[in-house]
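Chain by chain, the residues run as shown.
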Amino acid sequence: MERRTFLKSAGALGLAAAMGQSAFAQGAPEKAKVTLGVGGKPLLYYLPLTIAERKGFFKEQGLEVEINDFGGGAKSLQALIGGSVDVVTGAYEHTIRMQAKGQDVVAVTELGRFPAIVIAVKKDKAGQIKSAADFKGLKIGVTAPGSSTALTAQYAMVKAGLKPSDAPIIGVGSGASAVAAMKKGEIDVISHLDPVIAKLEADGDIQILIDTRTEAGTRALFGGSNPAATLYTKKDFIDQNPQTVQRLVNAFVKTLKWLQTAKPEDIAATVPEEYYLGDKPLYLKAVQNSLESYSRDGIIQMTGMQSVLDMLRQLDPELKDAKIDLAATFTDRFVRQASM
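Predicted model only: the values in this text are computed from it and were never measured. (Residues numbered from 1 in each chain as written. Predicted model: local features only at pLDDT ≥ 70, side-chain atom pairs only at ≥ 80, totals over all residues. Heavy atoms only, no water.)

A short note on the packing of aromatic side chains
Inference 1: Counted by the stated rule, this structure contains four aromatic pairs.
Inference 2: An angle of 80° between the planes, with centres 5.5 Å apart, marks the rings of phenylalanine 58 and phenylalanine 252 as edge-to-face. Taken together, the residues span a long stretch of sequence, with phenylalanine 58 in helix 3 (residues 57-60) and phenylalanine 252 in helix 11 (residues 242-261) at a distance of 194 residues.
Inference 3: Taking the centre distance of 5.3 Å and the plane angle of 10° together, the rings of tyrosine 155 and phenylalanine 222 count as stacked. Of the two residues, tyrosine 155 is situated in helix 6 (residues 148-159) and phenylalanine 222 in helix 9 (residues 215-222); the sequence distance between them amounts to 67 residues.
Inference 4: Assessed through its relative accessible area of 8%, tyrosine 155 is described here as buried.
Inference 5: A relative accessible area of 10% places phenylalanine 222 in the buried class. (Phe/Tyr/Trp six-rings, centres within 6.5 Å; stacked < 30°, edge-to-face > 60°. Helix = DSSP H or I, 4+ residues; strand = E, 2+ residues; numbered from the N terminus. Buried < 20%, exposed > 50% of the residue type's maximum accessible area, 1.4 Å probe, protein only.)

Here is the structure:
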């Protein structure tokens, strides 16, 4: 009985200690109003952001999040470096690029485990353009130059034996403007995301060549996992606002868990109707196509980080010989605390 009483007391003390640590870790946010940058919010690449916003998960955490939508991921990164936003939902690769430039930008949670980027050719040119090896001199439409859609297209070209500069990269935006650019013949190839891809495919405008919405498609291009969308910010912001960052991550971890059991109809009912691009059934199909791409646990694996670095070294001369500490590009401390 004494042993049992001791163990019970010890267990109670341990629970109290754990609760104390949790309460400390989940303290009041230093900054209750946060400005967040994103490059193409209606894209399914950034669906976790819209879900967290629309389901009220940020408000549950005591945060008022002001979202600024830019034309592409590269522009939201510029806003972070320039100081006009506090945090960004954007591609993991930007943390590596910034480290090479002497900027401490750190991802704090993974949102997408696969890029979910599709590379497709204009349907009437599918006969002569059968792979990325045929892209030389063609106009490639992307969300914005320097964004992950641009890098993925250029990486596919390099893998096929071309140079990244062998085809002009043209920014076409993230929504209806991207659809219009392909329909009007302003571009020959598109490297983009759903629902834009789903719309073009349903209308018979494109032939898909590369599809990283699935694990199989991602492995086919990159040879392994390749983390995509993340929540990232400057290290200084993390150091000065750890409770704020924790609460942001809490909201996104809750979102990722919600997405694991959500049906396409649940998601469509949550997002703004303008995200449908005028075709709700098509949006439902696009959501179904993309569900596999979202992170399951919010943690970027080292193999995935290395995969992104290997890609960047092939595309960017500045990164070819740069010393990169991958461990400094992502911290899992906030995700692990959020999952407790």
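Structural notes on the sheet that holds strand 6 (residues 140-142)
Inference 1: Strand order in this open sheet of five strands is 7-6-8-5-9, and the pairing throughout is mixed. In the strand order of this sheet, the two ends are held by strand 7 (169-171) and strand 9 (206-211), each with one partner. Direction aside, the axes of adjacent strands within the sheet are offset by 25° on average.
Inference 2: Where strand 5 (residues 118-122) and strand 8 (residues 189-192) come together, four bridges link them in antiparallel fashion. Paired with isoleucine 119 across the bridge in strand 8 is serine 191. (Pairing = 2+ DSSP bridges. Axes fitted to C-alpha atoms, helices over the stretch in contact; angles between N-to-C directions.)

A look at the pairing of strand 5
Inference 1: Summarising burial for strand 5: five of the five residues are buried, a large majority.
Inference 2: Pairing of strand 5 with strand 9, which is carried by five bridges, proceeds in the antiparallel orientation. Among the inter-strand pairings, alanine 120 is bridged to a residue of strand 9, identified as isoleucine 208.

What about the pairing of strand 1 (residues 33-38)?
Inference 1: Of all six residues in strand 1, five are buried; the element is thus mostly enclosed.
Inference 2: When strand 1 meets strand 2 (residues 64-69), the two strands line up parallel, connected through six bridges. Counterpart to valine 38 in the pairing with strand 2 is aspartate 69.
Inference 3: Bridging between strand 1 and strand 3 (residues 87-91) involves three bridges; their strand directions are parallel. Across the sheet, the residue bridging to leucine 36 is valine 87, located in strand 3.

Some thoughts on the confidence of the model for the protein chain
Inference 1: Counting all residues, the mean pLDDT for the protein chain is 91, and 92% of those residues have values of 70 or more.
Inference 2: For the stretch residues 1-25, pLDDT sits under 50, and the model shows five contacts to residues farther than four places along the chain or on other chains. (pLDDT = per-residue confidence, 0-100. Contact = heavy atoms within 4.5 Å.)

A short note on the nonpolar core
Inference 1: Judged by nonpolar contacts, the single largest core of 112 residues is most densely connected at Leu47, Ile96, Phe135, Ile190, Val249, Ile267 and Tyr283.
Inference 2: Top element by residues in this core is helix 11. It accounts for eight residues. (Core = buried A, V, L, I, M, F, W, Y, C linked by side-chain atoms within 4.5 Å.)

Some points on the packing of helix 2 (residues 47-54) against helix 11
Inference 1: The contact between helix 2 and helix 11 brings their axes to 9 Å, and the two run at 105°. On the basis of their axis angle, the class for helix 2 and helix 11 is roughly perpendicular. Note on element contacts: helix 11 touches helix 2 through Ala251, Phe252, Thr255, Leu256, Trp258 and Leu259, opposite Leu47, Pro48, Leu49, Ile51 and Ala52.
Inference 2: Here the residues of the contact of helix 2 with helix 11 sort into ten nonpolar, one polar and no charged. (Parallel < 35°, antiparallel > 145°, perpendicular 65-115°, else oblique. Nonpolar A, V, L, I, M, F, W, Y, C, P; charged D, E, K, R; others polar.)

Overview of helix 11
Inference 1: Over its 20 residues, helix 11 runs 30 Å from end to end, which matches the ideal 28 Å to within 8%, given 1.5 Å per residue.
Inference 2: For helix 11, the buried fraction is high: 15 of the 20 residues fall into the buried class. (Expected span 1.5 Å × (residues − 1).)

Some points on helix 6
Inference 1: Between its first and last C-alpha, helix 6 extends 16 Å over twelve residues, near the 16 Å set by a 1.5 Å rise per residue.
Inference 2: Counting buried residues along helix 6, eleven of its twelve residues qualify, which places the element largely inside the surrounding structure.
Inference 3: Once helix 6 finishes, glycine 161 follows within two positions and takes phi at roughly 100°, a positive value.

Some remarks on the environment of leucine 63
Inference 1: By the element assignment, leucine 63 lies in the loop between helix 3 and strand 2.
Inference 2: Given the relative accessible area of 4%, leucine 63 is considered buried.
Inference 3: Discounting residues that sit within four places of it in the chain, leucine 63 has contacts with Pro29, Lys31, Ala32, Val34, Phe58, Thr244, Arg247 and Leu248.

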